[in-house]
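A look at the structure
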Amino acid sequence: GANISNQLQIHKLRHTLPPISPDSLQRMTETCPDDVYFFLDDLVIDATRFVGAHPGGAPALQRRHMCDITEDYEWHSEKGKRMILSFARWRCLSP
């Protein structure tokens, strides 16, 4: 079902997204302090464009900046999960 589809999408993203180092990501957040990034395991989610449209409000996303959202991801609807995955930009390399 949908859960398998999401798992396949995550697997595909892990093999197709460009890598980014933790240091590079940290520098980006310092350069662009209004950007909002999350981690879904090793995937970096760029939620910057979605902050204003999030049903829970901008603060709900902003306070999770640079945090792992795997647990949050799990309770989202299938549509929400697909949207989150659509914002995946990089695969974070281990430090």
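As a reminder, the structure under discussion sits directly above these lines.
Overview of the structure.

Parameters and conventions
- Residues numbered from 1 in each chain as written.
- Predicted model: local features only at pLDDT ≥ 70, side-chain atom pairs only at ≥ 80, totals over all residues.
- Heavy atoms only, no water.
- Buried < 20%, exposed > 50% of the residue type's maximum accessible area, 1.4 Å probe, protein only.
- Helix = DSSP H or I, 4+ residues; strand = E, 2+ residues; numbered from the N terminus.
- Pairing = 2+ DSSP bridges.
- Core = buried A, V, L, I, M, F, W, Y, C linked by side-chain atoms within 4.5 Å.
- Contact = heavy atoms within 4.5 Å.
- Axes fitted to C-alpha atoms, helices over the stretch in contact; angles between N-to-C directions.

What follows is about the pairing of strand β3 (residues 43-46). Looking along a regular strand, one sees the side chains alternate between the two faces of the sheet. Alternating positions in β3 separate into two faces, L43 and I45 on one and V44 and D46 on the other, with burial throughout. In this structure, strand β2 (residues 37-40) lies alongside β3, joined through four bridges in antiparallel fashion. Note on β3: the bridge partner recorded for F38 is I45. Here β3 pairs with strand β5 (residues 88-92) via three bridges, running antiparallel. Residue pairing for β5: V44 is matched across the bridge by W90.

So, on to the nonpolar core. Formed by 18 residues in total, the largest nonpolar core has its most connected members in F38, L40, L43, I45 and L85. Of all the elements in the fold, those that place two or more residues in this core are α1 (2-16), β2, β3 and α5 (78-86). In this view, F38 contacts L43, V44, I45, A47, L61, R64, H65, C67 and I69; residues no more than four positions away in its chain are not counted. Counting seven residues, the second largest nonpolar core, distinct from the first, contains I20, F39, V44 and W90.

Spatially, the five strands line up as an open sheet ordered β1-β5-β3-β2-β4, and their pairing is mixed. This sheet does not close on itself; its edge strands, each paired only once, are β1 (19-20) and β4 (67-68). Strands in contact with α1 are β2, β3 and β5; relative to β3, the strand with the most contacts, it is inclined by about 95°.

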